[in-house]
Amino acid sequence: MRTPFVAGNWKMNTTKSTAVDLAKGVAKSAAATVDIGIAPPFVYLDAVGQAIAGSRVLLGAQDVYFKPNGAFTGEISVEMLKDLGVRFCLAGHSERRHVIQEPGDLISLKAHAIYAGGLILVHCVGETIDQREADETLPVVRRQFDELSEKISDPARLIVAYEPVWAIGTGRNATDAQAQEVHAFLRQELAVRWNKDFADRVRIVYGGSMKPDNAGALMNQADVDGGLIGGASLKADSFLGIVAAAEKKRA
Ligand code: PEP
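What counts, and where the lines are drawn
Residues numbered from 1 in each chain as written. Predicted model: local features only at pLDDT ≥ 70, side-chain atom pairs only at ≥ 80, totals over all residues. Heavy atoms only, no water. Core = buried A, V, L, I, M, F, W, Y, C linked by side-chain atoms within 4.5 Å. Buried < 20%, exposed > 50% of the residue type's maximum accessible area, 1.4 Å probe, protein only. Helix = DSSP H or I, 4+ residues; strand = E, 2+ residues; numbered from the N terminus. Near = heavy atom within 4 Å. Polar contact = N/O pair within 3.5 Å; in protein donor to acceptor, adjacent residues only side chain to side chain. Nonpolar A, V, L, I, M, F, W, Y, C, P; charged D, E, K, R; others polar. Salt bridge = Lys/Arg side-chain N within 4 Å of Asp/Glu carboxyl O.

## Thoughts on the nonpolar core
- Ile38, Leu158, Leu186, Leu190 and Tyr206 are the most contacted members of the largest nonpolar core, which totals 69 residues.
- Counting residues per element, this core draws most heavily on helix 11 (residues 236-250), which supplies seven residues.
- Of all hydrophobic cores here, the second largest spans 13 residues; its members include Ala7, Leu58, Ile120 and Cys124.

## Structural notes on the site of the ligand
- Neighbouring the ligand are 14 residues, the closest being Lys11, Glu163, Gly169, Ser209 and Gly231.
- Between the ligand and Gly169, the relevant distance is 2.7 Å, taken from an oxygen atom to a main-chain nitrogen or oxygen of the residue.
- Ser209 places a polar main-chain atom, nitrogen or oxygen, 2.7 Å from an oxygen atom of the ligand.
- Residue composition of the shell around the ligand, by class: four nonpolar, eight polar and two charged.

## Here we look at the pattern of salt bridges
- According to the stated counting rule, one finds 18 salt bridges in the structure shown.
- A salt bridge links Arg2 to Asp225, with the nearest nitrogen and oxygen atoms 3.0 Å apart. Of the two residues, Arg2 sits in the segment before strand 1 (5-9) while Asp225 sits in the loop between helix 10 (212-219) and strand 8 (226-229), which places them 223 residues apart along the sequence.
- In this structure, Arg187 engages Asp223 in a salt bridge whose closest nitrogen and oxygen atoms are separated by 2.5 Å. Of this pair, Arg187 sits in helix 8 (residues 176-193) while Asp223 sits in the loop between helix 10 and strand 8, and the two are 36 residues apart along the sequence.
- Of the residues examined, Asp223 reaches a relative accessible area of 12% and is grouped as buried.
- One salt-bridge network, held together by shared partners, links Arg2, Arg187, Asp223 and Asp225.

Next comes the structure, spelled out in structure tokens:
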């Protein structure tokens, strides 16, 4: 049985004091049976890390640069994240792919740097609405898997987030069946590229307008192992409502 993973991606939201309050609210009630993470903006990582110290909540980063150090103005390295207690890092989030225009080869370098540095890699994939309507969802997510290689060999440190672009921040989530179809396909791809045992251990989480009222049904799907949460992670109550749905799956 895979331990569900539920992580909040706070994006470019919160202030230092609201970030600390939110982190404390999450840490206070963090469930014991699922893995929980929060990814605040870079500038609040230190304060949030201190706010959740001693709790079960994992500190995460939303992005990173792949070089270890040097003349890369404005960038942050994996070692810097580790210095602040970061345990997981996203790569390939839809907003980095589609808003910031990050190309697949850069995402691949980042993903491998995150993994090689000893962090948990949360690799995000997902199709746009045009791609879904053109029936290209599975080829698109398969291509995004090409960003990963067999160097990523520990299934406990790879989490795949399936996040349809059209569902992120729109209030329109994938149906349970749509999510399960893609998750099952991704698990099959993992088995082909690595092996079945590896595929069975990797957590594949869903992201895209997940809320307490739809989380239970999504997580009831066999291959949905948790969630990556944007908007609903900005309030402790709604985030913990989703965590509670993950706990039910575990029970
Ligand atoms: C996300 O940004 O990863 C996300 C899933 O956002 P939201 O929950 O707001 O759709």
